[in-house]
Structure formats: C-alpha cells, structure tokens
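Below are the chains, spelled out letter by letter.
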Amino acid sequence: MPDKVIQDLLVTKPGTRKLQGYAFDPSLSLQIDTAPINHMIYEIPWESLEAGPVGEYIEVIDYDPTVNKFYEPVNLDHPYLLAQNGLAPAESNPQFHQQMVYAVAMTTIKNFESALGRKILWAPRLVSNNAVFQEYVPRLRIYPHAMREANAYYSPEKKAILFGYFESMPAANTIEMPGAYVFTCLSHDIIAHEVTHAILDGLYPRFSEASNPDVLAFHEAFADIVSLFQHFTFPDVLKHQIANTRGDLAAQNELGKLAQQFGSAIGGYGSLRDALGAVDPDTKQWKAKEPNGDEYRQIMEPHDRGSILVSAVFEAFITIYKSRVKDLLRIATGGTGVLPQGELHPDLVNRL
C-alpha cells in the first residue's frame, strides 16, 4: 500500500472548524472596554466546503445588485485559512463578510440541532405546475450584500436571507462615524435573528401567516430570544459581563442588547432593541424598563409587540439566575449580601 494512502488512513477528519468573527458587531471593537471580547473564535461542526462557502445547510451567494458585481467567494478549505482559523475580521473585506454569515448561521443551526436532537430542515418551496406541490430545499441561500438599505430579512418565497448595507446616520457623532458604511451581515445578532426566522419557518410554516397580532410578534420575539441568549454561549463574553456588572445581570450590559451598531447607525442612542431597558432620548441615560401593564393591549407592531415576550423571558431568566447565585453571594460577602468595593474575584466570576 502506498505511503500516502496509509498516511491518509491514519488521519481522522476533524470534528469542528474554527472561524474568526465578531461576538457582537464591528462597533464594539472600537470601544476599549469591549474590544478584547468582540473578536472571538466560532467553533462549528466540520464539513467539507465549496467556495462560497457552500455546505450541507448553507449556500452563500455574494452578488451585489447595486454595482452588478459578484464578489470572489471565499474558500474556507484553503490550507492557509484552515491554519489561521479563517480570515481575520475586516469590515472592508467581502470574503470575511461571507465567512461571518456562514460562521454565525452554522452556530445557530448547531444550537437548534442540539436542542431538538435532530437535523433541522428548511421549509419546502411551493411550486405551481398545474397542481401545487412542495419542492425540497436542501440549502438556505444567504446574500451578504443584497441591497443598499438599512434592512435585512428572511424571504419565505426565495428561501433566502438578504442582508443590506447603508451609510450611517447617527444621532451623535460620538456614537457612530457619520457616512461610514454599516454592513448588517457583520452583526451576530442580525444574522442569528434571520437564520432563526428561516429555521422556525421550517418547523412551523403557518407561523408566517398573520392570523392574529401575536403570530408575527412571536416570530420576531423568538428570533430575538435566540440571538440574545446565544451571547451566553460565549464564555469570555459572559465572564467579562458578569465581572463588569459585579454579578448583577439585571443592570445595563451587552448581553441583553440586540444589534447595537445598527441601532446607533439609524439614529438611535442605543441598540436596536434591549431586553432590559433603553436609553432615554432626553437624558441620554440608560434606564431599566418599567412595564405599565397596558403594553399587550396597546402595542401591535410585530417587533415592538414581540419585545414584550422577550422582556418577560429575560426577566424570568434573571430571576432564576439570582436565585441560583444567592448562596455564592452569601459566601462571598460573609452573609451580608453586600459585595466589597473593587473588582470581583475571578473565582467568584467563574462560579457565577
């Protein structure tokens, strides 16, 4: 038997692929406090890929109709990229944009399959040819530069996710550079949100039909919940935020904010949505949400109505967290419940 064949037999296929990316979005890499945690390594199930990347679940097609151009597809199986965990994060590199959408999409798929205990399937395509029948959809298509506007969405008809890019128009120049291009395909939260829409459409296609105000609101809420709680699967991010909030995750933190760069770039003073609170437009200060009990009757827009459920789920999570760490805080404070001044001990942060 030739030596090369023997060598190939001795080498086992890797279980995972590691790819560089943003934990949140590019804007957090410009802040000295969050820059160290924003550059992370995604670890996703291994699969052989075609340039695009194109795999079992995902097909990235990078065509920009505004300039009538196909960007060169990234080959993540190139040995040089395999050796350095893919391309380094770069806002100006279309190939990194392709890598980012693939890494976050596959991370979201991996988490769903772990929870469901089975493979996910995309919703079938309805085809009319004298009679209506369903066509199997093997791959979800992702277009990183599909339009030049402040938008991103999942299209049930195309079985595709289309990401836009646009020029920033911030309310304050200290928040975001005016005129700079913002790419929705570089936001972990937006990618995970739209992929969740596609997965939910495969699970329950009828949830795309607005039979009552709660249906589309649930779609938005569910996608937000997945995006937000996926932050908690990043160990370095979680430890950093627990340390920063001194263990109080009900306080303002990055874990409860969704699409921060997008929110500021379209003229807001904070993230697009926040499960815990919001920035007051008058005082420019963040404050926790204070529900008045009438939101369910008054709010009908799907994203805003969905935020009611997101806040409720997040509040339940925080309540459970506080209950489970009471003993740790009693031990750490000698029974007083009042933490001493200064940084939390790293061992306490790890236990929390």
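Report follows, based on the coordinates. (Residues numbered from 1 in each chain as written. Predicted model: local features only at pLDDT ≥ 70, side-chain atom pairs only at ≥ 80, totals over all residues. Heavy atoms only, no water.)

Structural notes on the overall build of the chain
Alright, step 1. Scanning the chain for helices and strands turns up 11 helices and 15 strands.
Alright, step 2. Against the globule reference of 20 Å for 352 residues, the chain gives a C-alpha radius of gyration of 22 Å, in line with a compact fold.
Alright, step 3. In terms of its C-alpha atoms, the chain occupies a principal-axis envelope of roughly 70 × 60 × 45 Å.
Alright, step 4. Considering only contacts within the chain whose residues lie at least 6 apart along the sequence, 60% involve residues at least 24 apart.
Alright, step 5. Looking at charge distribution, the chain has the averaged site of its 29 positive side-chain charges lying 5 Å from that of its 42 negative ones. (Helix = DSSP H or I, 4+ residues; strand = E, 2+ residues; numbered from the N terminus. Rg over C-alpha atoms; globule rule 2.2 N^0.38 Å. Contact = heavy atoms within 4.5 Å. Lys, Arg positive; Asp, Glu negative; His and termini not counted. Charge placed at Lys NZ, Arg CZ, Asp CG, Glu CD.)

Here's the deal with helix α6 (residues 213–230)
Alright, step 1. With 18 residues, α6 ought to run about 26 Å at 1.5 Å a step, and its terminal C-alpha atoms sit 26 Å apart, in line with that.
Alright, step 2. Here α6 has its buried residues at V215, A217, H219, E220, A221, A223, D224, I225, V226, S227, L228 and Q230.
Alright, step 3. In the core, the buried residues of α6 are packed alongside α4 (94–116), α5 (188–203), β12 (257–258), β13 (273–274) and α10 (302–333).
Alright, step 4. Two or three places before D214, at the opening of α6, N212 has a side-chain oxygen 2.8 Å from that residue's backbone nitrogen. (Expected span 1.5 Å × (residues − 1). Buried < 20%, exposed > 50% of the residue type's maximum accessible area, 1.4 Å probe, protein only. Polar contact = N/O pair within 3.5 Å; in protein donor to acceptor, adjacent residues only side chain to side chain.)

Description of the nonpolar core
Alright, step 1. Core analysis: the biggest nonpolar cluster contains 75 residues, and I58, I109, W122 and F163 have the highest contact counts within it.
Alright, step 2. Once you skip the residues sitting within four places of it in the chain, I109 turns out to touch Y57, I58, I120, W122, V195 and I199.
Alright, step 3. Counting 6 residues, the second largest nonpolar core, distinct from the first, contains I61, A146, A160 and L162. (Core = buried A, V, L, I, M, F, W, Y, C linked by side-chain atoms within 4.5 Å.)

Focus on the packing of α5 against α6
Alright, step 1. Contact geometry of α5 with α6 gives a least axis separation of 8 Å together with a crossing angle of 130°. Between α5 and α6, the crossing angle belongs to the class labelled oblique. The two elements α5 and α6 cross, and the hand of that crossing is right-handed. Touching H188, D189, A192, H193, T196, H197, L200 and D201 of α5 are F218, H219, E220, F222, A223, D224, V226, S227 and Q230, all from α6. (Axes fitted to C-alpha atoms, helices over the stretch in contact; angles between N-to-C directions. Parallel < 35°, antiparallel > 145°, perpendicular 65-115°, else oblique. Left-handed = near helix turned anticlockwise from the far one by under 90°.)

Thoughts on the packing of aromatic side chains
Alright, step 1. Following the criterion strictly, the structure yields 17 aromatic pairs and no others.
Alright, step 2. Residues Y42 and F234 carry aromatic rings whose centres are separated by 5.8 Å and whose planes lie at 85° to one another, so their mutual orientation is edge-to-face. Highlighted residues: Y42 in strand β2 (residues 39–45) and F234 in the loop between α6 and α7 (235–244), separated in sequence by 192 residues.
Alright, step 3. Pairing Y63 with F70 gives two aromatic rings, centres 4.6 Å apart and planes at 40°, and the pair type is tilted.
Alright, step 4. By relative accessible area, which is 24% here, Y63 ends up partly exposed.
Alright, step 5. Grouped by ring-pair contacts, the aromatic residues F112, Y204, F207, F218 and F222 constitute a single cluster.
Alright, step 6. Directly above the aromatic system of W46 lies the positively charged group of R17, at a separation of 4.2 Å from the ring centroid.
Alright, step 7. Taking the ring centre of Y296 as reference, the NZ or CZ of R305 above it sits at 4.2 Å. (Phe/Tyr/Trp six-rings, centres within 6.5 Å; stacked < 30°, edge-to-face > 60°. Lys NZ or Arg CZ within 6 Å of the ring centre and 35° of its normal.)

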